[in-house]
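# Examining the three-dimensional arrangement
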Amino acid sequence: MLTLKQIRENSEEVIRRLKVKNFDAEEIVGRILATDERRRAIQTETDSKQSELNRRSKEIGALFKEKKIDEANAAREAVARLKEEIKTLHNELHETEEKLNELLVTLPNVPHPSVPPGNSDEDNVIVREGGEIPGLPGEALPHWDLGKKHALIDFDLGNKLTGAGFPVFTGQGARLVRALISFFLDEAVRAGYREVLPPLMVNEASAYATGQLPDKEGQMYQLSTDPYYLIPTAEVPVTNIYRDVILDAEELPVKNTAYTPCFRREAGSYGKDVRGLNRVHQFDKVEIVQIQHPDRSYDTLEEMVKHVEGLVQKLELPYRIVQLCGGDLSFTSALTYDFEVYAAAQKKWLEVSSVSNFESYQANRMKLRFREKGSKKTRLAHTLNGSALALPRIIAALLENNQTPEGIRIPAALVPYTGFEMIS
RNA sequence: GGAGAAAUGGCAGAGUGGUCGAAUGCGGCGGUCUUGAAAACCGUUGUCCGCUUACCGGCGGACCGGGGGUUCGAAUCCCUCUUUCUCCGCCA
């Protein structure tokens, strides 16, 4: 969430920039400022009363020690009312703090000044394109047909075992999944990321810290037996490693990578673009996460984009990088680049990665700070993450684009991992 | 799942109702000594909030696993939750 300082000192700017996200913050910001003022007034009063009580308690203790029992008892009665007042103020303070927090979490992150205005993905800006779109013959098959033809992906079986959106990979298909995971992890480790294998379920505090709660509660699978959520992305556990942590500035940037399955309910998205692997409830993804000094976080964002770009290039996929417009930007992000690859049989661009800078929005929620050498003050760090990469749509594009009369060609970079050059 | 024990600062560990944000040791930081380093010695060393301050800082409040309670006063007593350890059971 945004810091109170940010809102207090730049309220006009916050309101103005949130308009780029099509978010009208005017009223909420007003209420936040009023509630904050009230909170501080109550705290000042509580503190001074508490200070008095503390002082008197010490006096009473001293009186008892001097055996002045009557005086001590009189003093005890005298503080009774003070205690009542403090109790009332305390409750009020608590309520006000809670209310303030409830208001704060409804404010999305402020977009970076470079974010273009817009309402939907149609207003996103193409930053860069690369690779070549293959010319396929008219009878080219979409990946769901290829998956069936070569016994790589079984959607019906997944439906039997679990339900729609839980595909089963088989044979060379399963092997391709494993190869991609290993390839992506190796590339990340080569780029200096530490490999992490986190839990696939997280508690409420973790889901809250990265912003899944309360904003996207309906998108996560929740257990009914324990208060845990199935992770929608490795971002959640991996970023939360640093919840309530104070780092030394020299430790930055902190770079972690993790492969995990991801679980998403995808409530509200049906019909459009959900065929085959285009949208599923469980999928595999390698995520890269960085914690960086605020002065350098945008350089880091570029570095991460470059990393992801290197991956799609090695996979020889036609791609484009788009900067999300305000309306398409997620609740917690300040700036996001999406990667899309072209699936030549479907003739569709498929989103395979999302690389974002959250600035201090997540860090503030999870109290992730760092300290400059020699300084006593702590500052909020910046958090960033990106998919590197999400598998299903990569597989869709690989299968579709590389189909030949002899079978499906595996890009050279992947062959050491698959152990075969051709699916046939 | 059952029984017992425990949770204190970066770490180890003392503290069982007041003068305790907390002894001591280690670690960290600054210094003395040294050509340099080590050792030794001296000093310093948590976080958050509020008020104040041009700045250094000052004052007040909170925090000894989380939440609640008893008391004029709680690290210390009580309740509750969580976690860890030991034993038993189950188990890949």
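Up top you'll find the structure we're talking about.
The sections below set out a description of the structure shown in this document.

What counts as what
Residues numbered from 1 in each chain as written. Chains lettered and ligands numbered in written order. Predicted model: local features only at pLDDT ≥ 70, side-chain atom pairs only at ≥ 80, totals over all residues. Heavy atoms only, no water. Pairing = 2+ DSSP bridges. Helix = DSSP H or I, 4+ residues; strand = E, 2+ residues; numbered from the N terminus. Axes fitted to C-alpha atoms, helices over the stretch in contact; angles between N-to-C directions. Contact = heavy atoms within 4.5 Å. Expected span 1.5 Å × (residues − 1). Buried < 20%, exposed > 50% of the residue type's maximum accessible area, 1.4 Å probe, protein only.

Pairing between sheet strands relies on hydrogen bonds along the backbone, with the strands arranged either parallel or antiparallel. Reading across the sheet, the 8 strands line up as β1-β10-β11-β12-β15-β9-β8-β4 and stay open at both edges, with mixed pairing between neighbours. Taken across any chain shown, the strands that pair with only one partner, and hence form the sheet edges, are β1 (125-130) and β4 (194-196). Sheet twist, expressed as the mean angle between neighbouring strand axes with direction ignored, is 25°. With 7 bridges connecting them, strand β9 (residues 282-292) and strand β15 (residues 382-390) associate as antiparallel partners. Pairing of Gln 292 across the sheet is with His 382, part of β15. Where helix α8 (residues 172-190) meets the sheet, it contacts β4, β8 (254-263), β9 and β15, and its direction lies at approximately 5° from that of β9. Sitting on the sheet, helix α11 (residues 297-314) touches β1, β8, β9, β10 (319-323), β11 (335-343), β12 (348-357) and β15, and the angle it makes with β15 is about 5°.

Quick look at the pairing of β12 now. In this sheet, β12 lies alongside β11 in antiparallel orientation, the contact comprising 9 bridges. Counterpart to Tyr 342 in the pairing with β12 is Trp 349. Connecting β11 to the next strand, β12, in antiparallel fashion are 4 residues, including Lys 347 with a positive phi near 55°. As paired strands, β12 and β15 are joined by 3 bridges and run antiparallel to one another. Bridge pairing in β15 places Val 355 opposite Gly 386.

Our focus in this paragraph is helix α5 (residues 80-104). Between its first and last C-alpha atoms α5 spans 36 Å; for 25 residues at 1.5 Å apiece the expected length is 36 Å, and the two agree. All buried positions along α5 are accounted for by Leu 82, Ile 86, Leu 89, Leu 93, Thr 96, Leu 100, Leu 103 and Leu 104. Residues of α5 that are buried sit in contact with α1 (4-9) and α3 (26-65).

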